[in-house]
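Fold and contact review
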Amino acid sequence: MQPTTPLVLCVLLSQVLLLTSAEDLDCTPGFQQKLFHINQPAEFIEDQAILNLTFSDCKGNDKLHYEVSSPYFKVNNDGSLVALRNITAVGKTLFVHARTPHAEDMAELVIVGGKDIRGSLQVVDSDRPEGSKFRLTGKGVDQEPKGIFRINENTGSVSVTRNLDRETIATYQLLVETIDVNGRTLEGPVPLEVIVIDQNDNRPIFREGPYIGHVMEGSPTGTTVMRMTAFDADDPATDNALLRYNIRQQTPDKPSPNMFYIDPEKGDIVTVVSPALLDRETLENPKYELIIEAQDMAGLDVGLTGTATATIMIDDKNDHSPKFTKKEFQATVEEGAVGVIVNLTVEDKDDPTTGAWRAAYTIINGNPGQSFEIHTNPQSNEGMLSVVKPLDYEISAFHTLLIKVENEDPLVPDVSYGPSSTATVHITVLDVNEGPVFHPDPMMVTKQEHISVGSVLLTVNATDPDSLQHQTIRYSVYKDPAGWLNINPINGTVDTTAVLDRESPFVHNSVYTALFLAIDSGDPPATGTGTLLITLEDVNDNAPFIYPTVAEVCDDAKNLSVVILGASDKDLHPNTDPFKFEIHKPTVPDKVWKISKINNTHALVSLLQNLNKANYHLPIMVTDSGKPPMTNITDLRVQVCSCKNSKVDCNTAGAPHFSATAVLLLSFFSLARL
């Protein structure tokens with residue numbers, strides 16, 4: 001059905017009147033009329049003008065382009081809105097978007113009596129055999145999601161049973177065929193494509209947050225900080241998904257309420273203030289929060305919006321050098337003490353969390369002996385000046401250090417370290433009564449053991465570091481474990497008060513250790529400690545001894561070996577082995593016992609004949625190799641036992657019961673370990 005002529009004339013007339021009245025006014029870019037109302041016709045006819053739109057960018061409309069929210073309509077170059085094919089239902093509203101390089105605008109066409117697109121379309125087959133029926137199949141009919149479309153089997157009318165969502169399924173590919181009463185295909189199937197026309201029912205969404213950007217302070221105007229893009233689920237081929245960006249709010253709003261600008265099409269956020277205003281040290285807060293809005297329909301008022309927060313940090317650069325709070329610092333320290341003596345304070349306006357603020361201190365003069373070190377306190381940024389080698393008042397009572405401070409990060413090219421980045425530290429050393437010092441320490445002397453009591457070992461020497469005080473020194477014994485020594489309190493002469501014994505338990509590895517004190521006459525007196533190491537040379541003052549001293553043998557033993565004897569001596573070589581083993585013959589029969597040398601430290605005792613069950617005492621004489629040698633006679637107790645049926649009877653209460661064989665095995669084992 002054709003639209004009524006009066007309606008078309010009325011619309012055209014209103015356009016003419018608008019154009020006529022606009023000639024006398026200043027040009028305003030956009031549609032001359034933004035809202036239209038037409039009645040829903042029975043059918044929109046292909047290529048028949050529905051109404052005329054007037055758009056001007058006030059620049060000649062070069063490269064003018066129109067977009068219609070429905071794919072079944074277009075706007076011709078003359079501004080006429082026409083249908084691309086015969087269509088009955090298009091919904092309640094159409095939007096027309098016009099754009100040139102200089103301007104853009106949106107017009108709205110309200111269709112009075114229009115309905116949501118849930119109607120039907122007609123499948124026409126004029127040659128359909130009588131009695132045949134239409135059948136519809138495909139996704140949305142008999143395939144999931146089932147039941148969205150249905151067809152009137154008699155008329156061929158295809159209808160929608162529920163709301164369609166283009167963002168879920170944009171097109172449906174269906175098949176239509178005619179069948180007879182038995183369900184056999186008569187014609188077809190032929191494809192039927194159902195295109196879901198997009199409606200602007202999805203807001204833009206920022207999906208990639210949180211959005212955090214950084215820009216260096218002092219950056220040039222126009223520096224790109226970050227990019228923010230939103231997503232719109234509507235048809236990207238329409239203005240329903242054409243997004244435009246803007247900044248809705250900036251917090252804080254100082255020093256300018258417009259510190260940043262966002263490219264409306266790309267979403268790039270850039271700085272728009274001068275580098276001088278982008279100074280982190282003068283800003284109220286180096287963190288800015290921007291409320292970014294994305295609006296579809298190319299940013300027109302009818303578009304849907306979505307927002308997100310962009311956080312922008314103004315990053316610090318090292319554009320401020322550290323400065324000492326004063327040019328000179330004072331410190332005092334007692335001689336001999338170590339540790340922190342003064343904290344040097346600095347100021348730096350840069351960010352305390354960065355290397356542009358953190359200080360590094362260096363001693364550049366006055367520290368030839370490396371007695372001082374300086375380190376940075378990580379919390380306060382102060383320079384902690386320490387004494388690491390004890391100072392001596394008598395050598396120097398005053399020290400002057402020159403110290404410089406720098407940042408961990410290098411300064412920017414146009415900033416340098418000035419005179420305030422160096423400071424002088426004056427250090428006063430306080431005199432302390434120091435204890436005397438022994439020279440040398442430790443003191444070492446070598447003497448033979450058993451020297452006569454009262455022998456002089458040495459004279460110790462201690463000096464007072466406090467040379468300017470002219471103090472006297474007295475000596476005393478501090479530690480003398482064996483009580484062998486004495487020291488003259490005036491001249492420091494050390495002599496013996498007892499015999500020195502190298503084999504004493506107080507002597508370790510032939511060295512005896514004693515400690516002495518040197519005490520000055522200060523008030524209060526100070527004490528120094530010296531160590532004396534006495535190396536004792538060995539003399540042959542210890543006779544050797546044998547082991548074991550008890551042995552057993554069976555009265556009917558076929559092996560007449562009794563025991564292997566070992567000898568030991570507390571002295572050192574050459575006052576020990578080789579040892580000489582003998583039987584002390586004056587009390588022993590010659591034809592009963594025999595002793596034979598095995599090596600320098602062991603000998604074998606054996607019988608020359610079997611003896612009756614009894615206890616026998618055999619005197620063994622052992623002599624060392626010292627000059628003069630020392631001899632020791634020890635009784636070896638030999639138990640002759642009765643050995644019957646693997647039972648040993650020595651008939652001696654409390655005596656150990658070992659067979660002669662066991663004693664020999666144990667003796668050989670002891671010998672093998674030497």
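Bear in mind the structure is a predicted one, so any value in this text is a computation, not a measurement. (Residues numbered from 1 in each chain as written. Predicted model: local features only at pLDDT ≥ 70, side-chain atom pairs only at ≥ 80, totals over all residues. Heavy atoms only, no water.)

Summarizing the sequence annotation, UniProt attributes the feature "domain: Cadherin" (unreviewed entry) to residues 114-206, 207-324, 325-438, 439-546 and 545-658 in the numbering used throughout. Structurally, residues 207-324 is divided into 0% helix and 40% strand, and its ends, taken at the C-alpha atoms, are 49 Å apart. Taken as a whole, residues 439-546 contains 0% helix and 45% strand, while its terminal C-alpha atoms sit 47 Å from one another. (UniProt positions renumbered as here; feature names shortened; annotations may be inferred. Helix = DSSP H or I, 4+ residues; strand = E, 2+ residues; numbered from the N terminus.)

Right, let's talk about the nonpolar core for a bit. For soluble globular proteins, nonpolar side chains are generally found buried alongside one another. Ranked by internal contacts, the top residues of the largest apolar core, which has 26 residues, are V562, W593, V605, L618 and L636. Those elements that provide at least two residues to this core are β42 (550-554), β43 (561-568), β44 (580-583), β46 (602-607), β47 (614-623) and β48 (631-644). In terms of nonpolar packing, the next biggest core, distinct from the first, is built from 25 residues, F36, I87, L94 and I197 among them. (Core = buried A, V, L, I, M, F, W, Y, C linked by side-chain atoms within 4.5 Å. Buried < 20%, exposed > 50% of the residue type's maximum accessible area, 1.4 Å probe, protein only.)

Let us now look at the sheet that holds strand β30 (residues 398-407). Here four strands make up an open sheet; going across it, the order is β24-β31-β30-β27 and the pairing mixed. The outermost strands of the open sheet, each flanked by one partner alone, are β24 (328-334) and β27 (359-365). Along the sheet, successive strands turn relative to each other by an average axial angle of 30°, direction set aside. In the sheet, β27 pairs with β30 via six bridges, with the strands oriented antiparallel. Bridge pairing links A359 to N407 in β30. (Pairing = 2+ DSSP bridges. Axes fitted to C-alpha atoms, helices over the stretch in contact; angles between N-to-C directions.)

Within the fold, G113 resides in the loop between β9 (104-112) and β10 (120-122). Sequence-wise, G113 and K92 are 21 residues apart; in three dimensions their C-alpha atoms are separated by 7.4 Å.

Tracing the sequence through the fold places V622 in strand β47. Taking the C-alpha atoms as reference points, V622 and P578, separated by 44 residues in sequence, lie 10 Å from one another. Ignoring anything within four residues of it in the chain, the contact list for V622 reads P544, F545, I546, A567, F579, K580, F581, M630, T631 and N632. (Contact = heavy atoms within 4.5 Å.)

A word on the state of the cysteines. The full count for this structure, using the stated rule, is three disulfides. Residue C27 pairs covalently with C58 via a disulfide, S to S 1.7 Å. Here C27 and C58 share a disulfide; its torsion about the S-S bond, -90°, makes the bridge left-handed. Remark: C58 occurs in the loop between β4 (55-56) and β5 (65-68) and C27 occurs in the loop between α1 (5-22) and β1 (30-31); sequence separation between them is 31 residues. C58 gets classed as partly exposed once you look at its relative accessible area, which sits at 30%. Sequence-ordered numbering of the bonded cysteines in the protein chain gives a disulfide pattern of 1-2, 3-5, 4-6. (Disulfide = S-S within 2.5 Å.)

Before going further, it helps to spend a moment on the pattern of salt bridges. Under the definition given, this model contains 20 salt bridges. With a closest N to O distance of 3.7 Å, E153 and K133 form a salt bridge. One end of the pair, E153, is in the loop between β12 (149-151) and β13 (157-160); the other, K133, is in strand β11 (residues 133-138), with 20 residues separating them in the sequence. Residue classification places E153 among the partly exposed residues on the basis of a relative accessible area of 36%. Its relative accessible area of 30% is what places K133 among the partly exposed residues. Overlapping salt bridges bring together R99, E104, R244 and E265 as one network. (Salt bridge = Lys/Arg side-chain N within 4 Å of Asp/Glu carboxyl O.)

Judged by pairing direction, the sheet is mixed, and its four strands sit side by side in the order β16-β22-β21-β18 without closing on themselves. Strands at the two margins of the open sheet, each flanked by one partner only, are β16 (211-216) and β18 (244-251). Within the sheet, the average angular offset between the axes of one strand and its neighbour, ignoring direction, is 30°. The pairing of β16 with strand β22 (residues 305-315) spans six bridges and is parallel. Residue pairing in the sheet places I212 in a bridge with T311 of β22.

Here we come to unusual backbone geometry. With an omega dihedral of -10°, the bond running from H439 to P440 counts as a cis peptide bond. Along the chain, D577 connects to P578 via a cis peptide bond; the corresponding omega equals 5°. For P578, the location among the structural elements is in the loop between β43 and β44. We note that D47 has phi near 65°; this positive angle belongs to a residue other than glycine. The topology assignment puts D47 in the loop between β2 (35-39) and β3 (49-52). Residue classification places D47 among the exposed positions, given a relative accessible area of 53%.

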